Amino acid sequence: MSKRSSKQRLKSDAKKSRLKTKHQRRTHKRLIQTLFENAQDAMGYAAQTAIALIDDQGCFVEMNIAACDLLGLPRRQLRGQHLSTFITAEFTLQPSPGSFPPGESLIGELLVSSSSQIRREVEYTFTPNIIPHCHLLLLRDISQRRESMQAELRQQQQRVELFSEVTLKIRQSLQLKEILHTTVTEVQRILQADRVLIYHVLPDGTGKTISEAVLPDYPTLMDLEFPQEVFPEDYQQLYAHGRVRAIADVHDPAAGLADCLVEFVDQFQIKAKLIVPIVQNLNTNFQNQLWGLLIAHQCNSDRHWVDFELELMQQLADQISIALSQAQLLEHLEEVVEARTAELQDVNYNLQQEINVRMHAEATLRQREEQLRLITNALPVLIAYVDEQQEYRFNNQAYHDWLGQSPEEIYGCHLRQVWGEDCYQRMQVYVKIALAGQAVSYENDIVLKDGSGRSVDVTYIPHLDDQNTVKGFFALSNDISDRKAIERMKDEFISVISHELRTPLTSLHSALKILATGRLGNLSDEGQQMLGIADDSTERLVRLVNNVLDLQRIESGKVIMECQACNAANLMIQAAEAMQAMAQQHEITLVKQPQDIPVWADGDYILQALTNLLSNAIKFSSPGGTVWLTVEVEKDSSTQNLPMEVVFRVRDEGQGIPSDQLERIFERFQQVDSSDSRKKGGTGLGLTICRKIIEQHNGRIWAESNPGCGSTFAFTLPTLESAE
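Note that this is a predicted model, so its numbers are computed, not measured.

S.K.: Provide a residue-level description of the overall build of the protein, including the pertinent values.
M.R.: What the protein contains, in helices and strands, is 18 helices and 23 strands. The proportion of buried residues among the 724 residues of the protein is 41%. Taking contacts inside the protein between residues at least 6 apart in sequence as the whole, the part at least 24 apart equals 56%.

S.K.: Help me get a handle on the packing of helix 5 (residues 176-191) against helix 8 (residues 307-378), residues and values and all.
M.R.: The interhelical angle for the contact between helix 5 and helix 8, taken along N-to-C directions, is 170°, at an axis separation of 10 Å. As the angle between them shows, helix 5 and helix 8 are arranged roughly antiparallel. Residue-level inspection shows Leu176, Ile179, Leu180, Thr183, Val187, Ile190 and Leu191 of helix 5 in contact with helix 8, the latter providing Phe308, Glu309, Leu312, Met313, Leu316, Ile320, Ala323, Leu324 and Ala327.

S.K.: Requested: an account of the pattern of salt bridges, with residues and values cited.
M.R.: Across all of its chains, the model carries 22 salt bridges by this definition. Taking the shortest distance from any N to any O, the salt bridge between arginine 195 and glutamate 212 comes out at 3.4 Å. In this pair, arginine 195 is assigned in strand 6 (residues 195-201) and glutamate 212 in strand 7 (residues 207-214), connecting sequence segments 17 residues apart. For the pair shown, arginine 195 and glutamate 212 are each scored as buried. Of the charged contacts in the structure, one is a salt bridge between aspartate 479 and arginine 454, with a shortest N-O distance of 3.2 Å.

S.K.: Could you give an account of the sheet that holds strand 4 (residues 119-131), with specific residues and numbers?
M.R.: Spatial strand order, 2-1-5-4-3: five strands in an open sheet with antiparallel pairing. Where the open sheet ends on each side, the last strands, each with one partner, are strand 2 (60-63) and strand 3 (106-113). Across the sheet, the mean angle from the axis of one strand to that of its neighbour is 30°, orientation sign disregarded. Where strand 1 (residues 50-55) and strand 2 come together, three bridges link them in antiparallel fashion. Considered in strand 2, the bridge of alanine 52 is made with methionine 63.

S.K.: Tell me about the side chain of threonine 712, and please be specific about residues and values.
M.R.: By secondary structure assignment, the location of threonine 712 is in strand 23 (residues 711-718). Those residues in contact with threonine 712 that sit more than four places away from it in its chain are Arg649, Val650, Arg651, Trp702, Ala703 and Glu704.

S.K.: Mind laying out the environment of valine 431, listing which residues take part and the relevant values?
M.R.: Here valine 431 is to be found in helix 11 (residues 415-435). Residue classification places valine 431 among the buried residues on the basis of a relative accessible area of 0%. Distance in space between the C-alpha atoms of valine 431 and isoleucine 461 is 9.9 Å, their sequence separation being 30 residues. Those residues in contact with valine 431 that lie beyond four places of it in its chain are Gln390, Leu415, Tyr460 and Phe473.

S.K.: Explain the pairing of strand 3 to me, and be specific about the residues and the numbers.
M.R.: Within strand 3, six of the eight residues are buried, which leaves the element mostly enclosed by the surrounding structure. Pairing analysis gives eight bridges linking strand 3 to strand 4, with the strands arranged antiparallel. Along strand 4, the bridge assignment pairs glycine 108 with tyrosine 124.

S.K.: Would you mind going over the sheet that holds strand 22 (residues 701-705) in detail, with residue names and values included?
M.R.: Ordered in space as 18-20-21-23-22, the five strands form an open sheet in which the pairing is mixed. Edge strands, defined here as strands with exactly one partner in the open sheet, are strand 18 (589-593) and strand 22. Strand-to-strand twist of the sheet, defined as the mean angle between neighbouring strand axes without regard to direction, takes the value 20°. As paired strands, strand 21 (residues 645-651) and strand 23 are joined by seven bridges and run antiparallel to one another. Paired with arginine 649 across the two strands is alanine 714, which belongs to strand 23.

S.K.: Mind laying out the confidence of the model for the protein, listing which residues take part and the relevant values?
M.R.: Looking at the protein as a whole, the pLDDT averages 82, with 90% of positions reaching at least 70. Within the protein, the lowest mean pLDDT, 55, falls on helix 16 (residues 676-679), and the highest, 93, falls on strand 18. Below a pLDDT of 50 lies the segment residues 90-95, which in the model reaches 13 contacts outside its immediate sequence neighbourhood of four places, other chains included.

S.K.: How would you explain the pairing of strand 22 if you had to name every residue and give the values?
M.R.: In terms of burial, strand 22 is a largely internal element, four of the five residues being buried. Summarising the sheet, strand 22 and strand 23 pair through five bridges and their orientation is antiparallel. Looking at strand 23, one finds that isoleucine 701 is bridged to phenylalanine 715.

S.K.: Report on the side chain of asparagine 395, specifying residues and quantitative values.
M.R.: Mapped onto the elements, asparagine 395 comes out in strand 13 (residues 392-395). Looking at asparagine 395, the relative accessible area reads 1%, which means it is buried.

S.K.: Quick rundown of the nonpolar core? Include the residues and the values.
M.R.: With 49 residues, the main nonpolar core has Ile606, Phe648 and Phe715 as its most contacted residues. With nine residues, the top contributor of residues to this core is helix 15 (residues 603-619). Non-local contacts of isoleucine 606, meaning those with residues more than four positions away in its chain, are made with Leu571, Ala601, Ile693, Ile694, His697, Phe715 and Leu717.

S.K.: Describe unusual backbone geometry, listing the residues and the values that go with them.
M.R.: The bulk of non-glycine residues show a negative phi, and the bulk of peptide bonds are trans. With a phi close to 65°, aspartate 223 is a non-glycine residue in the positive phi region. For aspartate 223, the location among the structural elements is in the loop between strand 7 and strand 8 (225-226). Not every positive phi belongs to a glycine, and glutamine 269 is a case in point at roughly 60°. Counting through the fold element by element, glutamine 269 comes out in the loop between helix 7 (259-266) and strand 10 (272-281). Overall, the relative accessible area of 35% leaves glutamine 269 in the partly exposed class.

S.K.: Account for the packing of helix 13 (residues 525-555) against helix 17 (residues 686-696), with residues named and values stated.
M.R.: As a packed pair, helix 13 and helix 17 sit with axes 10 Å apart at the nearest point and diverge in direction by 25°. By the angle between their axes, helix 13 is roughly parallel relative to helix 17. The two elements helix 13 and helix 17 cross, and the hand of that crossing is left-handed. On helix 17, the residues that touch Asn547, Asp550, Leu551, Ile554 and Glu555 of helix 13 are Thr688, Ile689, Lys692, Ile693 and Gln696. Class assignment of the residues belonging to the contact of helix 13 with helix 17 gives a composition of four nonpolar, three polar and three charged.

S.K.: Summarise a negative patch on the surface; cite the residues concerned and give the values.
M.R.: A surface patch of negative charge is lined by Glu331, Glu334, Glu335 and Glu338. Within the secondary structure, glutamate 334 is located in helix 8.

S.K.: I'd love a proper account of the environment of phenylalanine 268, names of residues and values included.
M.R.: Considering the arrangement of structural elements, one finds phenylalanine 268 in the loop between helix 7 and strand 10. Through-space distance from the C-alpha of phenylalanine 268 to that of leucine 221 is 8.2 Å; in sequence the pair is 47 residues apart. Phenylalanine 268 has contacts with Arg195, Pro219, Leu221, Leu224 and Cys299, leaving out every residue within four places of it along the chain.

S.K.: Describe the packing of aromatic side chains, with residues and values.
M.R.: Within the structure shown, the criterion is met by ten aromatic pairs. With a centroid separation of 5.9 Å and 70° between ring planes, the pair formed by phenylalanine 60 and phenylalanine 86 is classed as edge-to-face. In this pair, phenylalanine 60 is assigned in strand 2 and phenylalanine 86 in the loop between helix 3 (75-78) and strand 3, connecting sequence segments 26 residues apart. Of the residues examined, phenylalanine 60 reaches a relative accessible area of 3% and is grouped as buried.

S.K.: I'd like a description of helix 17, backed by residues and values.
M.R.: Each α-helix winds once per 3.6 residues, and so residues spaced three or four apart point in a common direction. Across the eleven residues that make up helix 17, a large majority, eight, are buried. Taken together, the buried positions of helix 17 are Gly686, Leu687, Thr688, Ile689, Cys690, Arg691, Ile693 and Ile694. Residues of helix 17 that are buried in the fold lie against helix 13, helix 15, strand 22 and strand 23. The positive-phi residue at the C-terminal boundary of helix 17 is asparagine 698, with phi of around 60°.

What counts and how
- Residues numbered from 1 in each chain as written.
- Predicted model: local features only at pLDDT ≥ 70, side-chain atom pairs only at ≥ 80, totals over all residues.
- Heavy atoms only, no water.
- Helix = DSSP H or I, 4+ residues; strand = E, 2+ residues; numbered from the N terminus.
- Buried < 20%, exposed > 50% of the residue type's maximum accessible area, 1.4 Å probe, protein only.
- Contact = heavy atoms within 4.5 Å.
- Axes fitted to C-alpha atoms, helices over the stretch in contact; angles between N-to-C directions.
- Parallel < 35°, antiparallel > 145°, perpendicular 65-115°, else oblique.
- Salt bridge = Lys/Arg side-chain N within 4 Å of Asp/Glu carboxyl O.
- Pairing = 2+ DSSP bridges.
- pLDDT = per-residue confidence, 0-100.
- Core = buried A, V, L, I, M, F, W, Y, C linked by side-chain atoms within 4.5 Å.
- Left-handed = near helix turned anticlockwise from the far one by under 90°.
- Nonpolar A, V, L, I, M, F, W, Y, C, P; charged D, E, K, R; others polar.
- Patch = residues over 30% accessible without salt bridge, like charges linked within 9 Å, V, L, I, M, F, W, Y side chains within 5 Å.
- Areas by Shrake-Rupley, 256 points an atom, 1.4 Å probe, with all protein chains shown as cover.
- Lys, Arg positive; Asp, Glu negative; His and termini not counted.
- Charge placed at Lys NZ, Arg CZ, Asp CG, Glu CD.
- Phe/Tyr/Trp six-rings, centres within 6.5 Å; stacked < 30°, edge-to-face > 60°.

Rendered as structure tokens:
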């Protein structure tokens, strides 16, 4: 081959290579252009979307104008630049072209810094191997959108803060007037409105402004009552159902305001207004009631109200509704508190009055107690008050003088502690009678502090409250030692005299009986009559002497009752049989109703008491009358604390006994009519002996009578169970 042919062949190969390279460049350029166009169409973004190709080393190969603008370099300088030059280190994820499988894209956000250090937040889409060794990178600037979102978030946060601030101020007060004033003031400040007011709907359909915040350049509507025609009932119903009106221009026909209402608002220079209802749910049927309106006015120009303003007004209207309920509840509570306070004041006043009365009563009581103590201390008798527990609650100074125990030492002590066991056993039965509600008197022997003995007459008077409940008893003990000594001397004298008289009287009575037989000669009729009188007198005198001696023996203790179990029926039958002859002589019917009741008694002495009582009943009954002898076991309802006892009763139909003589007839030689001793032949000692016998049995004897309707003499004996 010649040199010329070689040169020509070389030139031809070079030409072919240039043509091939040129073709490859054109093909590459068309491919890139197609990729860029397809990328824009696929992303659907505008021209601001930055599109770039980077090679496997991460260097820019090609890019569009938006990419040049984003990165701050012309295309010529940008080619060959590495991607990491424009990505800040804050992003940990950086696209690495070789780390993604083909056909997949990576989407994320990057912070890109341009050549002039302008940072942009971008959203990227990285598609690897879009062409061999080239990767497609799409960058879209989202800084403005991010700023808009942040601005919106800041605005929402501001709204929340404003709402919270206003709500807090509303909630901080429970006074309705203060709440409404705070609301209009804060709303006017936040909305920068010319006037904000609260319109209260009155029950008659009218209404008036009750709170307002208005700029000084505009007239106030405070306390101004709106006529019904500017706020008709159909409007009220719409607002009650939550209607909200935002009117940008009151004169705009599209606002739909009536002409009268437009004229009405014009006089207050209102150009735009925002109206939000304040609705309350006041009943259990969940029916809303329009309480009022929260209104904002713009007076200097028209105003297009934004959603934030509507939302704020609605939320504040809801808060006002809640505050209204709270304020009304508070008002109700205040009324309740005021009423309760008044009640407490009345109670306190009454209590104070009661305290004063009690203090006065206590002072009076102390004064009277002191007076009582002074009086009782001056008396030579034992005076005390014993409660139902048989403990001393009051006693006079005589206790100290007699027993050597001061009132302070005795106070609260039991009777047994003060008097000793033996003395307490003697007084116990009478204490029970007193605590059963009956006054009782008895005689007792006590031992003084010096060891000497005293005879005392004791009287217990029960203390009954308004319900007749026994609270205790008053005890009066009178020293009767001197009287008892005199009585003993008298009794001994009488006993001696009687004893000395009984023998000659017996002889005299026997002599008279012999004379009456006529053995010693007949007497004239007058002599026989005188002899009869002398015989009767002598017999009565003998009976009197015997009674005196019996009584003296009983009182002196020489007679000891030998008590044993007896049948009440046997005692009654024996007594009735003994008195049957006397009853027939006086033409008296003797009726007995015996019962087999065991009693603890000395049968002979009880028989003596029964015959004595029957004798009296027969003697003081008119011929043809009836005398009843009965017995029964009973327990008086007023003496619930007493044991069961057997009560014997002798009832007649005689003339009766006056009430003032019922107790005295048991004393010696006491008769209702002194002539009875002569007419009836009594000695005046029978009932006294009966009382002594019954008292020796720890029983009681008494008389009941209605003058003209007869009398009843009764005595008690302990049952066999109670005696045991």
